[in-house]
Amino acid sequence: MHRSAQRRIIIPFLLPALLLLGVFFLYPLVRTVDISFTEWTRTGSYSYVGVENYTRVVDDPGYLNALKNAFLFTLVGGCMLFPVAIAIAWALNQRVHGERFFRFVVFAPVVLSAAVVALMWKFVYHPTLGLINPALEGLGLGALARTWLGDASTALPAVAFVTVWHGIGIWVVLLSAGFERLPPDVLEAGRIDGAGEWRLFRSVMLPMLRDLFRILVVLWIVQSMQAFAFVFIMTGGGPFGSTDIVGTLMYRVAFERSEFGYAAAMGVVLVVIMLIVAQIVNKVMKRDELQY
Amino acid sequence: MKTMRFVVPLAAGCLALAACGGGDDGDTTDAGPDAASWHEEIEGSPLEVGVLSAEGTPGLAILQELADGLEADYDGTEVTLTFANTDARPGIEQRWRSGDPLDVDYGMFDGTNPALTVWADDGALLDLRPYLEQNDPETGAPWLDRFSPTVREFMENPSDGGIYGVPSELSLHVLFYNAGLFTELGIEPPRTWDDLLAANTALKAAGVDPIAVTGLFEPYMGMWSDHLWLRTVGYDTARAVLTGGEGHITDDPGFLEGLEMLQQLRDDDAFLTGFEGTDFTAAQAQFFQGDAGMILMGTWLVSEMADVIPADFELGVVPFPTVEGGAGDQGAVMAALQEISVAAESENIPLALEWARRLTSVETQTRRAQEIGEVSAVVGVPSPPGIPGIDQVVAEADSLEPRDYGITTSPANEVVYPEIARLLFGEQDAQQTLERVDEGLRRVHGN
């Protein structure tokens, strides 16, 4: 009796969320899967072609290259993001003088639009008119000057760096919340036992934040595998496909070649791969809950 | 089980929605007004027009004046100018697919590109031929006669002979050069490939990079191979191989010859220092700042870069240099026609036609040529004064050939231009480029 009354109350509360989930997540997902089994003309007529688009995806070197680049982007970006974000979050947790100012500086790029940031960095990276190469030359490090976005070996890290620079504020906020939640008595006990701040950070804080890291790593994988804006604006996937990721390839296939079915199949395959990778990372990084 | 109670109905609902979504059968009606009397049927109403000019540009100001004139002449008219260029196109095309097209739009038709005749073939566009063949009330001659015969193939649909686009501007691909610098250094404008190589040598000796090009937009690097193949292979053969899937790129030695000439430019350090990481806007600006002596670009360059061209900059243009002994078309000029089409589903076709008629009038086209440097395909419109020599280019052209062989709208886009970029970047030589392009074309064309 009590349970059924509870159920009757719960359903109206859940309905708005379910509606939003259905309209903005489930429907697009189902529709994308539906489209992935079709072949379209530029004018919008379509016919069902079974799994043909999926067999094409598997054999498409362009897709495999984009997938490889997406993984590289995730890895390189992750390596740039997490050590720095953790360091900043830890530093901001030390109650330093001017902490609010530093928080503002770190968070400020987040509020800029991706298009503005991408264009700004495109000019910063310019080989002769930009800021980096002349600065390197001014410091006597001219040998390190590159064409950055025009060099297949540096273009992807360069774009990943901008993506990280733009979004690091969010990650710092999330990590800061984690640091703040650490029980002060445990940290205090460590200090009383003679542990220095570095030892405390390495042996106490990091292990206690492991669950948070696991979630953030999964979030980063999901976000970076779907990256689009920075690559699209800064390199368009070039030079010769070295920064082409699944998002930019899908865009070209769908909107320049009007192969919507094929682009949808690429998207579905990406979703499946992301789910598998996220599941693996989740499993690998999971450990028994710490009791404290 | 509890989860299933929510998920199953939700998924079923989504499936139902998905089943209802799309499925456009493409049927549209082509019910335009009577061709002989369409002028009398013009009535005021809202009209949405696609434009290529961005907010705040002089080009848009001219179009706004045209819109104001239409609103003044027909009570109840309200013209909306919608940006319909570049990155706005996917959204605009989606509107066409969903049955909510602009009344007048760009980029919907090009008779020389099979990828862009499909809208006409599916009945989404109004066949303008009956209206174009009527006498224009202002000139007394058929409206069609306004347009240069050289652009007729761009306007006509090969499948039914209908005309589905009228040109508002003509973009010719030409070699721009810094005329002031050339005069100062005593360099002749490069009319032949040997002239170009000589100009390279002279410019480099003067400490100027010979050619501005971007390395961040592959189709602009591909303009060099496109033009070389035009000269060494010929338009029809190149198009058949590159986008038509007929034959192989290794069959005609002209392809390799063109790539070797491009390699020669690369090996001679002819391109802008750091071009690999230079955006096209920056490359164009550097040309006008005197950092490079030449740039291969469409005639839109002048209007696009109007704000950064120094007042004392002397510009010159020549057609792409001829190649002595080349088996291709030595007198052809590559071009893109910016055409406007009228939606067959427009609720006020007479008003849409009137917009097209006014936009393509000699008066409007002359204003555009003089004020924003647009080249016109309308007969009797003077060449833009901002592009000295363009009238000679037009006069001497044996033919106008569609730019890029349709590569950018075909799967060959994923194959050809990335390999050209590799060649220019020094990653491979001409022979390797040919082999890789061949391999890619065989894959995408399945031949």
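Residues numbered from 1 in each chain as written. Chains lettered and ligands numbered in written order. Predicted model: local features only at pLDDT ≥ 70, side-chain atom pairs only at ≥ 80, totals over all residues. Heavy atoms only, no water.

You'll find chain B entered in an unreviewed UniProt entry as Extracellular solute-binding protein, with Jiangella ureilytica given as the organism.

The name given to chain A in an unreviewed UniProt entry is Sugar ABC transporter permease, with Jiangella ureilytica as the source organism. Per UniProt, chain A has the following entry under Subcellular location (unreviewed entry): "Cell membrane". Per UniProt, chain A carries the Sequence similarities (unreviewed entry) text "Belongs to the binding-protein-dependent transport system permease family." (UniProt positions renumbered as here; feature names shortened; annotations may be inferred.)

Undergrad: Break down the overall build of chain A for me, citing the residues and quoting the values.
TA: A tally of regular secondary structure across chain A gives 13 helices and 2 strands. With the C-alpha coordinates of chain A rotated into their principal frame, the extents come out at 80 × 70 × 30 Å. By residue count, 45% of the 292 residues in chain A fall in the buried class. In chain A, the share of contacts with a sequence separation of at least 24, taken over all contacts with a separation of at least 6, comes to 70%. Within the structure as shown, chain A displays about 15,400 Å² of accessible surface, and the carbon and sulfur contribution to it stands at 70%. One way to put it: in chain A the 23 positive side-chain charges average out to a point 6 Å from where the 19 negative ones average out. (Helix = DSSP H or I, 4+ residues; strand = E, 2+ residues; numbered from the N terminus. Buried < 20%, exposed > 50% of the residue type's maximum accessible area, 1.4 Å probe, protein only. Contact = heavy atoms within 4.5 Å. Areas by Shrake-Rupley, 256 points an atom, 1.4 Å probe, with all protein chains shown as cover. Lys, Arg positive; Asp, Glu negative; His and termini not counted. Charge placed at Lys NZ, Arg CZ, Asp CG, Glu CD.)

Undergrad: Tell me about the overall build of chain B, and please be specific about residues and values.
TA: Tallying secondary structure elements over chain B gives 18 helices and 9 strands in all. Here the C-alpha atoms of chain B give a radius of gyration of 24 Å, agreeing with the 22 Å that 2.2 N^0.38 yields for 447 residues. When its C-alpha atoms are laid out on the principal axes, chain B stretches across 70 × 65 × 40 Å. Burial analysis of chain B (447 residues in total) assigns 57% to the buried set. Considering only contacts in chain B between residues 6 or more positions apart, those separated by 24 or more positions represent 75%. For chain B, the exposed area adds up to about 17,400 Å²; of that, 49% sits on carbon and sulfur atoms. (Rg over C-alpha atoms; globule rule 2.2 N^0.38 Å.)

Undergrad: An account of a negative patch on the surface is needed here, citing residue identities and associated values.
TA: On the surface, Asp34(B), Glu40(B), Glu41(B) and Glu43(B) cluster together to form a negatively charged patch. With respect to the secondary-structure elements, Glu43(B) resides in the loop between helix 1 (2-20) and strand 1 (46-51). (Patch = residues over 30% accessible without salt bridge, like charges linked within 9 Å, V, L, I, M, F, W, Y side chains within 5 Å. Salt bridge = Lys/Arg side-chain N within 4 Å of Asp/Glu carboxyl O.)

Undergrad: Can you explain the domain arrangement of chain B? Please cite residues and give values.
TA: Interfaces are often described in size by the accessible area the parts lose on coming together. All names here are of chain B. Assigned domains of chain B: these are domain 1 (37-171 + 336-396) and domain 2 (173-334 + 399-445). The C-alpha centroid of domain 2 is placed 29 Å from the C-alpha centroid of domain 1. Residue-level contacts link 23 residues of domain 1 with 23 residues of domain 2. Considering only the side of domain 1, the residues that lose the most area to domain 2 are Ser171, Ile387 and Val393, jointly responsible for 28% of the buried surface there. In this structure, the connection of domain 1 to domain 2 is made through 1 salt bridge. (Domains from an automatic or database assignment. Buried area = accessible area lost by both parts, 1.4 Å probe.)

Undergrad: Account for the environment of Leu203(B), naming residues and giving values.
TA: Residue and element names in this part refer to chain B. Its location among the elements puts leucine 203 in helix 8 (residues 193-205). Considered as a pair, leucine 203 and glycine 293 are 90 residues apart in the sequence and their alpha carbons are 6.9 Å apart. Setting aside residues no more than four positions away along its own chain, leucine 203 makes contact with Leu181, Phe182, Leu185, Ile187, Val208, Pro210, Gly293 and Met294.

Undergrad: Pulling in residues and values, what's your account of the pairing of strand 7 (residues 315-318) of chain B?
TA: Residue and element names in this part refer to chain B. Side chains Leu315 and Val317 project from strand 7 onto one buried face, and the interleaved Gly316 and Val318 project onto a second face that is buried too. When strand 4 (residues 166-178) meets strand 7, the two strands line up antiparallel, connected through 4 bridges. Within the sheet, the bridge partner assigned to leucine 175 lies in strand 7 and is valine 318. (Pairing = 2+ DSSP bridges.)

Undergrad: An account of the interface of chain A and chain B is needed here, citing residue identities and associated values.
TA: Facing 43 residues of chain A, the contacting portion of chain B comprises 46 residues. Here chain A and chain B share an interface that buries about 3,500 Å² over both sides, 62% of which is from carbon and sulfur atoms. When the buried area of chain A at its contact with chain B is split by residue, Arg42(A), Thr43(A) and Phe240(A) rank highest and sum to 24% of it. Where chain A packs against chain B, one counts 4 salt bridges.

Undergrad: Go over the UniProt feature "domain: ABC transmembrane type-1" (unreviewed entry) in chain A, please, and point to the residues and values.
TA: According to UniProt, the positions carrying the feature "domain: ABC transmembrane type-1" (unreviewed entry) are residues 67-281 of chain A. From the first C-alpha to the last, residues 67-281 of chain A spans 18 Å; its make-up is 73% helix and 0% strand.

Undergrad: Can you break down unusual backbone geometry residue by residue, with the values?
TA: Note on backbone geometry: most residues besides glycine have negative phi, and most peptide bonds are trans. All names here are of chain A. Residue proline 239 is reached from glycine 238 by a cis peptide bond, and omega for that bond is -5°. With respect to the element layout, proline 239 can be found in the loop between helix 11 (229-234) and helix 12 (246-256). Backbone geometry at serine 258 places phi at a positive 60°, although glycine is not the residue there. As for its placement among the helices and strands, serine 258 is situated in the loop between helix 12 and helix 13 (260-285).

Undergrad: Just give me the short version of the UniProt feature "transmembrane region" (unreviewed entry) in chain A, but keep the residues and values in it.
TA: All names here are of chain A. In the UniProt entry, the feature "transmembrane region" (unreviewed entry) is given for residues 9-30, 70-92, 104-124, 155-175, 212-240 and 260-281. The straight-line gap between the two end C-alpha atoms of residues 70-92 is 31 Å; of that span, 100% is helix and 0% is strand. The distance from the first to the last C-alpha atom of residues 155-175 is 28 Å, and the span holds 100% helix and 0% strand.

Undergrad: I'd like a description of the pattern of salt bridges, backed by residues and values.
TA: Residue and element names in this part refer to chain B. For the structure on display, the rule yields 33 salt bridges over all chains. In this structure, arginine 358 engages aspartate 73 in a salt bridge whose closest nitrogen and oxygen atoms are separated by 2.8 Å. Remark: aspartate 73 occurs in helix 2 (residues 58-73) and arginine 358 occurs in helix 14 (residues 349-359); sequence separation between them is 285 residues. A relative accessible area of 17% means that arginine 358 is categorised as buried. Taking the relative accessible area as the measure of exposure, aspartate 73 reaches 47% and is therefore partly exposed. Close ionic contact of aspartate 100 with arginine 95 constitutes a salt bridge, the shortest N to O distance being 3.3 Å. Residue arginine 95 is classed as partly exposed on the basis of its relative accessible area, which comes to 22%. Three or more residues are tied together by salt bridges with common partners; here these are Asp73, Asp136, Glu138, Arg146, Glu354, Arg357 and Arg358.

Undergrad: Tell me about the environment of Leu206(A), and please be specific about residues and values.
TA: In this structure, Leu206(A) sits in helix 9 (residues 197-208). It is 36 Å that separates the C-alpha atoms of Leu206(A) and Leu119(A), two residues lying 87 residues apart in sequence.

Undergrad: Explain the packing of aromatic side chains to me, and be specific about the residues and the numbers.
TA: All names here are of chain A. Applying the stated criterion across every chain yields a total of 38 aromatic pairs over all chains. An angle of 65° between the planes, with centres 5.8 Å apart, marks the rings of tryptophan 40 and phenylalanine 260 as edge-to-face. Remark: phenylalanine 260 occurs in helix 13 and tryptophan 40 occurs in strand 1 (residues 38-40); sequence separation between them is 220 residues. Judged by relative accessible area, which is 17%, tryptophan 40 ranks as buried. Under the relative-accessibility criterion, phenylalanine 260 is labelled buried at 13%. Of the aromatic side chains, those joined through ring pairs into one cluster are Trp40, Tyr46, Tyr48, Phe228, Phe232, Tyr251, Phe255 and Phe260. In this arrangement the basic side chain of arginine 56 is found over the ring face of tyrosine 262, its NZ or CZ atom lying 3.8 Å from the centre. (Phe/Tyr/Trp six-rings, centres within 6.5 Å; stacked < 30°, edge-to-face > 60°. Lys NZ or Arg CZ within 6 Å of the ring centre and 35° of its normal.)

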